[in-house]
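Spelled out from the first residue to the last, the chains are:
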Amino acid sequence: MKLIIAIVQDEDSSKLVSKLMQDGFSVTKLATTGGFLKAGNTTLLLGVEEERMQDAIHLIETVCKSRKQITSAPAALAGMAHGEYTTYPVEVTVGGATMFILSIEQFLKV
Ligand code: 2BA
């Protein structure tokens, strides 16, 4: 069994959870916050059998769209000198989905 940890945009999360459930996947939805944008995103936990892993990844890829977003970054992240307190607008591409895939040693329900 594998555990897929998928960080997705809030805008995509309801549709994605519905489609995953329709396709028979079990999913846990967590409200999370991205460290860089400091904005809400959604983290999904999916325990999947290995033979269904590619189906889950494909579904996530299909639903989650990447978007451009303007945000303000501290001077250091915008490539400016340290010690400046001004922030600068930067364009970042957010999403589709950031996925971590882990092998599960044991899956128990007691
Ligand atoms: P955030 O940390 O809010 O990052 C949002 C987007 O900002 C990122 O999109 C990326 O395009 C940009 N970004 C992040 N750090 C940056 C930096 N230091 N300089 C310039 N641009 C930066 P994604 O890469 O699609 O990531 C979306 C969300 O996935 C992240 O939200 C974070 O919550 C999570 N994430 C991404 N990579 C991760 C990792 N290696 N470990 C843990 N969480 C991760």
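Residues numbered from 1 in each chain as written. Predicted model: local features only at pLDDT ≥ 70, side-chain atom pairs only at ≥ 80, totals over all residues. Heavy atoms only, no water.

Visitor: Talk me through the sheet that holds strand β6 (residues 97-103); I want residue IDs and the actual numbers.
Guide: Taking strand neighbours across the sheet as the criterion, the four strands line up as β2-β3-β1-β6 in an open arrangement whose pairing is antiparallel. The open sheet has two edge strands with one neighbour each: β2 (28-33) and β6. Each adjacent strand pair in this sheet contributes to an overall mean axis angle of 20°, direction not counted. Pairing geometry for β2 and strand β3 (residues 40-48), over six bridges, is antiparallel. Looking at the pairing, T32 lines up with N41 of β3. Packing of helix α1 (residues 10-22) onto the sheet brings it into contact with β1 (2-9), β2 and β3, and relative to β3 it is tilted by some 20°. (Pairing = 2+ DSSP bridges. Helix = DSSP H or I, 4+ residues; strand = E, 2+ residues; numbered from the N terminus. Axes fitted to C-alpha atoms, helices over the stretch in contact; angles between N-to-C directions. Contact = heavy atoms within 4.5 Å.)

Visitor: Could you give an account of the packing of aromatic side chains, with specific residues and numbers?
Guide: Scanning all chains against the criterion turns up zero aromatic pairs. The aromatic ring of F25 is capped on one face by R52, whose charged end is 4.1 Å from the ring centroid. (Phe/Tyr/Trp six-rings, centres within 6.5 Å; stacked < 30°, edge-to-face > 60°. Lys NZ or Arg CZ within 6 Å of the ring centre and 35° of its normal.)

Functional significance is not addressed by these values, which are geometric in nature.
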